[in-house]
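# Descriptive analysis of the structure
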Amino acid sequence: MHQLSFISTARPGAAPIDVEAILASSRRNNARDSITGLLIYDGKRFLQELEGSGPLVEAAFSRIKNDTRHRATVMLSFREVDDREFGAWDMACQKVEAVSGDGSFGDMVDNLVDQVPDANTKALLSSFVRIKR
């Protein structure tokens, strides 16, 4: 079992990103390929975790890199894991605004990833939503 983390930026000047369309396609492909994961989108950037069979995860990442809605796609990690950290999610998603005020969205993400055993993955996801933009 492999897990891949990446970040990318929405291509400027393109039509507004239809996250629901991305999710529908991702969920269909991920169900077919037994890939699970999490997508966080803040209106400018995507942070995503994909997990499953190494070759299938790499193929999904390749499709994403070739998607014209993304640019500056950077793999943050690709590692072997013993168990799925994102359970039965064919693609959990949260569209976010920058966290302000009481940080309640950051708290929600913290709760969402609380059961993720890898401390680096937890920190990556939690810090992404707290970046001041």
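Residues numbered from 1 in each chain as written. Predicted model: local features only at pLDDT ≥ 70, side-chain atom pairs only at ≥ 80, totals over all residues. Heavy atoms only, no water.

In this section: the nonpolar core. L4, F6, I35, L50, V57, A60, F61 and I64 together form the largest nonpolar core, which totals eight residues. Those elements that provide at least two residues to this core are β1 (2-10) and α2 (54-65). The greatest single-element share of this core, amounting to four residues, is contributed by α2. Those residues within four positions of L4 in sequence are excluded, and the remaining contacts are Q48, E49, L50, V57, F61, M75, S77 and F78. Residues V19, I22, L23 and Y41 belong to the second largest nonpolar core, which totals seven residues. (Core = buried A, V, L, I, M, F, W, Y, C linked by side-chain atoms within 4.5 Å. Buried < 20%, exposed > 50% of the residue type's maximum accessible area, 1.4 Å probe, protein only. Helix = DSSP H or I, 4+ residues; strand = E, 2+ residues; numbered from the N terminus. Contact = heavy atoms within 4.5 Å.)

Moving on, we get to the environment of V19. Here V19 shows up in helix α1 (residues 19-33). By relative accessible area, which is 7% here, V19 ends up buried. Separated by 24 residues in the primary sequence, V19 and G43 place their C-alpha atoms 9.5 Å from one another.

Counted under the stated rule, the structure contains four salt bridges. Between D33 and R63 there is a salt bridge, with its nearest N and O atoms 3.8 Å apart. Of this pair, D33 sits in helix α1 while R63 sits in helix α2, placing them 30 residues apart in sequence. By sharing partners, the salt bridges in this structure join R32, D33 and R63 into a single network. (Salt bridge = Lys/Arg side-chain N within 4 Å of Asp/Glu carboxyl O.)

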